[in-house]
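So you can see what is in the structure, the chains are spelled out below.
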Amino acid sequence: EAAIESYVLADGNQTFTVGATGQDVTTGSGDVTVATGAIANLNGSTIIGTAGGTVILRVDADADISGATLTDVDEIHLNADGVDLTATIAQNALITTATGSNSVTLSDAGSTTGAAQVETYNLSSSGANTFTLGDAAQNVCGGSDADTIDANGLTVTGTLALAGGANVIELDNGANISSATISSSGGSYNLNLASGAAVTMTAAQHNDASAISGSGSESITLTTAASVTGEAAIESYVLADGNQTFT
């Protein structure tokens, strides 16, 4: 009930749907799902899990949980297609399930890894972020500060829409960004290759980077033919088929 500020649940497996913003829930033992239902804002709510089962926060529709306190909550599930969840970095780490195509907006800046089940992440503009892709097709919208995106050695096919600042894309061995869409509106991006990494990209991506760095013996394979000037930090280039000029 919306008029009730706090609920303490009995022991046993059950589902409880929150009735109001700020409503507190303490679970008993057992497998318990606390559902957001139609509540779009859990700011001020405290959800306390109890040992003896799995406690899930189920997000049923667009919701902001960034101001909620989650204690001993084991998992967060995005339970519907199209859910846009606003969450903290710590809360993001609890996401294990997402139905359909969903997005997560992070309310604070820092380091985190995308949940593989989430299609799009919007990074915070409250500071610099380091974000590791959780899936090859994951889309990332950068914040206004300088962000670092770690491609995690994946064949990236999503959109990396970076914003202000000197952003960095980290490329581990085997990373392939040639099918990714990369932009840096209001800022720039650098490519940083891990030591000894062999990576793949288009000529345009190579040329659009403000700088390309590597600390060991690295190689770049280009998938398109164009005029390219090799970077001094890269020991080896493999060019695409086609007419081109390489300096």
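Here is what the cut-offs are and how they apply
Residues numbered from 1 in each chain as written. Predicted model: local features only at pLDDT ≥ 70, side-chain atom pairs only at ≥ 80, totals over all residues. Heavy atoms only, no water. Helix = DSSP H or I, 4+ residues; strand = E, 2+ residues; numbered from the N terminus. Buried < 20%, exposed > 50% of the residue type's maximum accessible area, 1.4 Å probe, protein only. Areas by Shrake-Rupley, 256 points an atom, 1.4 Å probe, with all protein chains shown as cover. Salt bridge = Lys/Arg side-chain N within 4 Å of Asp/Glu carboxyl O. Phe/Tyr/Trp six-rings, centres within 6.5 Å; stacked < 30°, edge-to-face > 60°. Pairing = 2+ DSSP bridges. Axes fitted to C-alpha atoms, helices over the stretch in contact; angles between N-to-C directions. Core = buried A, V, L, I, M, F, W, Y, C linked by side-chain atoms within 4.5 Å. Contact = heavy atoms within 4.5 Å. Polar contact = N/O pair within 3.5 Å; in protein donor to acceptor, adjacent residues only side chain to side chain.

An account of the overall build of the protein is requested, with residue identities and associated values reported.
Regarding its fold elements, the protein presents two helices and 25 strands. A burial count over the protein gives 42% of its 247 residues as buried. As displayed, the protein offers around 10100 Å² of accessible surface, 46% of which is attributable to carbon and sulfur atoms.

Help me get a handle on the pattern of salt bridges, residues and values and all.
One pass over the full model with this rule turns up one salt bridge. Arg-58 is the salt-bridge partner of Asp-60, the closest N and O atoms lying 2.7 Å from each other. On the basis of relative accessibility, which here comes to 19%, the residue Asp-60 falls in the buried class.

A description of the packing of aromatic side chains should follow, citing residues and the corresponding values.
The geometry of two aromatic rings is summed up by the distance between their centres and the angle between their planes. What the rule picks out here adds up to three aromatic pairs. For the ring pair Tyr-7 and Phe-16, a centre distance of 4.9 Å and an interplane angle of 55° mean the geometry is tilted. According to the relative accessible area criterion, Phe-16 is buried, its value standing at 13%.

Which residues make up the sheet that holds strand β1 (residues 6–8), and what values do they have?
The four strands are arranged β1-β3-β5-β8 in an open sheet whose pairing can be described as parallel. Only two strands of the sheet have a single neighbouring strand rather than two, namely β1 and β8 (69–71). Ignoring which end each strand starts from, the neighbouring axes of this sheet average 5° apart. The sheet contact formed by β1 and strand β3 (residues 24–26) spans three bridges and is parallel. Paired with Val-8 across the strands is Thr-26, a residue of β3.

Any chance you could break down the pairing of strand β24 (residues 219–222) for me, citing the residues and the numbers?
Bridge count between strand β22 (residues 198–201) and β24: four bridges; the pairing is parallel. Looking at β24, one finds that Ala-198 is bridged to Ser-219. Relative to strand β25 (residues 236–238), β24 runs parallel, the two being bridged by three bridges. Within β25, the residue paired with Thr-221 across the bridge is Val-238.

Provide a residue-level description of the sheet that holds strand β6 (residues 55–59), including the pertinent values.
Taken in spatial order, the five strands line up as β2-β4-β6-β9-β11 in an open sheet, and their pairing is parallel. On the outer flanks of this sheet lie β2 (14–17) and β11 (95–98), each paired with one strand and no other. With direction set aside, neighbouring strand axes in the sheet form an average angle of 20°.

Tell me about the nonpolar core, residues and numbers included.
If you look at the biggest cluster of nonpolar residues, it comprises 58 residues, and the most contacted ones within it are Leu-78, Leu-85, Leu-171, Leu-191 and Ile-220. Non-local contacts of Ile-220, meaning those with residues more than four positions away in its chain, are made with Leu-193, Val-199, Met-201, His-206, Ile-212, Ile-234, Ser-236, Tyr-237 and Val-238.

Give me the environment of Ile-56: which residues, what numbers.
Within the fold, Ile-56 resides in strand β6. In this structure the C-alpha to C-alpha distance between Ile-56 and Asp-72, which are 16 residues apart in sequence, comes to 9.7 Å. The residues touching Ile-56, leaving out its near neighbours within four places in the chain, are Val-32, Thr-33, Val-34, Glu-75 and His-77.

Explain unusual backbone geometry to me, using residue names and the numbers behind them.
Positive phi outside glycine occurs at Asp-72, with the angle close to 60°. Its place among the elements puts Asp-72 in the loop between β8 and β9 (75–78). What makes Asp-72 exposed here is its relative accessible area of 55%. Positive phi, normally seen in glycine, also occurs at Asn-152, with a value near 65°. As for its position among the elements, Asn-152 is in the loop between β17 (148–150) and β18 (159–162). Accessibility expressed as a relative area gives 38% for Asn-152, which makes it partly exposed.

So what's going on with the side chain of Thr-112? Which residues, and what values?
For Thr-112, the location among the structural elements is in strand β13 (residues 111–113). You can call Thr-112 buried: its relative accessible area is 10%. Excluding residues within four positions of it along the chain, Thr-112 makes contact with Ile-89, Asn-92, Leu-106, Thr-130, Phe-131 and Thr-132.

Any details on the side chain of Asp-60? Residues and values, ideally.
Structurally, the position occupied by Asp-60 is in the loop between β6 and β7 (63–64). A distance of 3.0 Å separates the side chain of Asp-60 from the backbone nitrogen of Gly-37, its partner in a polar contact. Apart from the residues lying within four places of it in its own chain, the contact partners of Asp-60 are Ala-35, Thr-36, Gly-37, Asn-79, Ala-80 and Val-83.

None of the figures reported here should be taken as evidence of function without further support.
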